[in-house]
Amino acid sequence: MNSVKKLIAGNWKMNGSLESNTTLLKSILDGDTRADACDAVVCVPSVYLSQINSLIQDAASSRVRLGAQDLSAHEKGAYTGEISVSMLKEFGVSFVIVGHSERRQFHHETDQLVAIKAERALGAGVTPIVCVGETQEEREAGLTEVIVKRQLAAVIHLVGHCISEIVVAYEPVWAIGTGLTATPEQAQSVHAVLRAQLNAAAGDVAQRIRILYGGSMNASNAKSLLTQPDIDGGLIGGASLKALDFLSIIACA
Ligand code: PEP
């Protein structure tokens, strides 16, 4: 069993409103009383970073940290619609998701672009949560290992010795938002592959890299996933929008 502190990250995706965010976050902050057990982060739409940052700051002693869902590969300039890492930092962001499958699929993000974004985040002291994962077709073709290793290799290649500062999220695309979850054994076997790849790249320090599982994790299946030796936390979509479910997953960790 890896001994790093677990991380539970909520990905709100494109959901929320000023009103519902306040209700959701306050319920999470009020219910979250065992602050030492694991780390927690909520990755919210960019327009709500300021709001959520203020709510977190107002809570006297919260472990909940603020995350973004994407960042620009560029530092600044003529990139209409994009948001730089230094802008995210001004709003208290300490984690950022990069290479989520929805960005790879709908915004055509390549392994190389994802690696540049991870490097950009690290350069500013923001922790990238690097998502990797295979599609249903790729799994059926026996390509799971090849795909996740290729996606992670691009990041390892670019960020070099800083690799120990990243968080990895294994998110099988076929399990995201579908209600289908990888079995604990399926997830563990891919996590072991990723751990071995990180060990080969970074040696001992790789042991402290957290590898999260994501894909329809919920209050009922969290425990069996989070007790696998190489599963160091979760990246949670749908269930992170319900305070009680998110808190139950945190409690499992
Ligand atoms: C995600 O979007 O990262 C995710 C894991 O979603 P869900 O939990 O809804 O499958």
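Above this note sits the structure.
This write-up is about the structure you can find in this document. None of the values given here were measured: they were computed from a predicted structure.

## Description of the nonpolar core
In terms of nonpolar packing, the biggest core is built from 66 residues, with I52, I166, V168, L194, L198 and Y213 touching the most fellow members. At six residues, helix α7 (residues 144-159) tops the list of elements feeding residues into this core. Ignoring anything within four residues of it in the chain, the contact list for L198 reads L152, I156, I163, V168, G203, A206, I209 and I211. By size, the runner-up hydrophobic cluster in this structure holds 12 residues, among which are V41, I129, A169 and L235.

## Digging into the site of the ligand
In the vicinity of the ligand there are 14 residues, among which K13, E171, G177, S216 and G237 approach most closely. Between the ligand and K13, the relevant distance is 2.6 Å, taken from an oxygen atom to a side-chain nitrogen or oxygen of the residue. Separating an oxygen atom of the ligand from a side-chain N or O atom of H100 is a distance of 2.9 Å. Considered on its own, the ligand offers 290 Å² of accessible surface; in the complex 96% of this is hidden by protein. Partitioned by chemical class, the residues of the shell around the ligand number four nonpolar, eight polar and two charged.

## Here we look at the environment of L212
With respect to the helices, strands and loops of the structure, L212 is situated in strand β7 (residues 210-214). Residue classification places L212 among the buried positions, given a relative accessible area of 0%. On a C-alpha basis, the gap between L212 and T178 in space is 18 Å, while along the polypeptide they are 34 residues apart. Residue contacts for L212: discarding those within four places in its chain leaves L7, A9, I129, V167, V168, A169, Y170, H191, D232, G233, G234 and L235.

## Thoughts on the packing of helix α1 (residues 18-31) against helix α10 (residues 243-252)
Packing of α1 against α10 leaves a shortest axis separation of 9 Å and a crossing angle of 35 degrees. The way α1 lies across α10 gives a crossing that is right-handed. Together, L24, S27, I28 and G31 of α1 and A243, F246 and L247 of α10 make up the contact between the two elements. Class assignment of the residues belonging to the contact of α1 with α10 gives a composition of five nonpolar, two polar and no charged.

## Observations concerning α7
The terminal C-alpha atoms of α7 lie 23 Å apart, and with 16 residues this matches the ideal 22 Å at 1.5 Å per residue to within 8%. Taken residue by residue, α7 has T144, I147, V148, Q151, L152, A154, V155, I156 and V159 as its buried positions. Contact partners of the buried residues in α7: α4 (101-106), α5 (111-123), β5 (127-132), α6 (136-140), β6 (167-170) and α8 (184-202).

## Regarding the side chain of S240
Mapped onto the elements of the fold, S240 is located in the loop between β8 (233-236) and α10. A distance of 3.2 Å separates a polar side-chain atom of S240 from the backbone oxygen of I236. Discounting residues that sit within four places of it in the chain, S240 has contacts with G10, N11, W12, L24 and F246.

## Re the pairing of β5
Counting buried positions along β5 yields six of six residues, so the element is predominantly enclosed. The side-chain alternation of β5 yields two buried faces, one formed by T127, I129 and C131 and the other by P128, V130 and V132. Examined bridge by bridge, strand β4 (residues 93-98) and β5 share four bridges and lie parallel to one another. Directly across from V96, in β5, lies its bridge partner P128. Summarising the sheet, β5 and β6 pair through four bridges and their orientation is parallel.

## Some points on the sheet that holds strand β3 (residues 64-68)
One closed barrel accounts for eight strands, arranged β1-β2-β3-β4-β5-β6-β7-β8; its pairing is parallel. Strand-to-strand twist of the sheet, defined as the mean angle between neighbouring strand axes without regard to direction, takes the value 25 degrees. As paired strands, strand β2 (residues 39-43) and β3 are joined by four bridges and run parallel to one another. Bridge pairing in β3 links V42 to L66. Relative to the sheet, α8 contacts β5, β6 and β7, its axis offset from that of β7 by approximately 150 degrees. Helix-sheet contacts for α10 involve β1 (7-11), β2 and β8, and the interaxial angle to β1 is about 160 degrees.

About the cut-offs
Residues numbered from 1 in each chain as written. Predicted model: local features only at pLDDT ≥ 70, side-chain atom pairs only at ≥ 80, totals over all residues. Heavy atoms only, no water. Core = buried A, V, L, I, M, F, W, Y, C linked by side-chain atoms within 4.5 Å. Buried < 20%, exposed > 50% of the residue type's maximum accessible area, 1.4 Å probe, protein only. Helix = DSSP H or I, 4+ residues; strand = E, 2+ residues; numbered from the N terminus. Contact = heavy atoms within 4.5 Å. Near = heavy atom within 4 Å. Polar contact = N/O pair within 3.5 Å; in protein donor to acceptor, adjacent residues only side chain to side chain. Areas by Shrake-Rupley, 256 points an atom, 1.4 Å probe, with all protein chains shown as cover. Nonpolar A, V, L, I, M, F, W, Y, C, P; charged D, E, K, R; others polar. Axes fitted to C-alpha atoms, helices over the stretch in contact; angles between N-to-C directions. Left-handed = near helix turned anticlockwise from the far one by under 90°. Expected span 1.5 Å × (residues − 1). Pairing = 2+ DSSP bridges.

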